[in-house]
Amino acid sequence: MNLSLVAGLLSLAVWIAGGFVIPVGAGWIHLFLALGVILLVRRVVTGPKAW
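Worth saying up front: this structure is predicted, and the values here are computed from it rather than measured.

## Notes on the overall build of the protein chain
Of regular secondary structure, the protein chain possesses 2 helices and 0 strands. Seen along its three principal axes, the alpha-carbon backbone of the protein chain occupies a region of about 35 × 15 × 10 Å. When burial is assessed residue by residue, the protein chain has 24% of its 51 residues classed as buried. Expressed as a percentage of contacts within the protein chain between residues at least 6 apart in sequence, the contacts between residues at least 24 apart total 63%. Put simply, the protein chain shows about 3600 Å² of open surface, and 80% of that area lies on carbon and sulfur atoms.

## Things to note about the environment of Gly-47
Tracing the chain through its elements places Gly-47 in the segment after helix H2 (30-46). Assessed through its relative accessible area of 13%, Gly-47 is described here as buried. For the pair formed by Gly-47 and Ala-13, sequence separation is 34 residues and the distance between their alpha carbons is 22 Å. Dropping the residues within four chain positions of it, Gly-47 is found in contact with Asn-2 and Arg-42.

## What about helix H1 (residues 3-21)?
In this model H1 runs 26 Å from its N-terminal to its C-terminal C-alpha over 19 residues, within 8% of the 27 Å that 1.5 Å per residue would give. Burial in H1 covers these residues: Ser-4, Leu-5, Gly-8, Ser-11, Leu-12, Trp-15 and Gly-18. The secondary structure elements touched by the buried residues of H1 are H2. Two or three places before Ser-4, at the start of H1, stands the capping residue Asn-2, its side-chain oxygen 3.1 Å from that residue's backbone nitrogen.

Calculation rules
Residues numbered from 1 in each chain as written. Predicted model: local features only at pLDDT ≥ 70, side-chain atom pairs only at ≥ 80, totals over all residues. Heavy atoms only, no water. Helix = DSSP H or I, 4+ residues; strand = E, 2+ residues; numbered from the N terminus. Buried < 20%, exposed > 50% of the residue type's maximum accessible area, 1.4 Å probe, protein only. Contact = heavy atoms within 4.5 Å. Areas by Shrake-Rupley, 256 points an atom, 1.4 Å probe, with all protein chains shown as cover. Expected span 1.5 Å × (residues − 1). Polar contact = N/O pair within 3.5 Å; in protein donor to acceptor, adjacent residues only side chain to side chain.

Laid out in structure tokens, this is it:
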């Protein structure tokens, strides 16, 4: 597994848990959404051999 893929999926899991399961408030939790999407797009564009 690629580090970008693992970090992206973990970031999205933290965003889902923080945004919908555990009420943590608004604001900083959405940075995990942005980070997760950026890492997953990076993984798709660069391919499995990037890291």
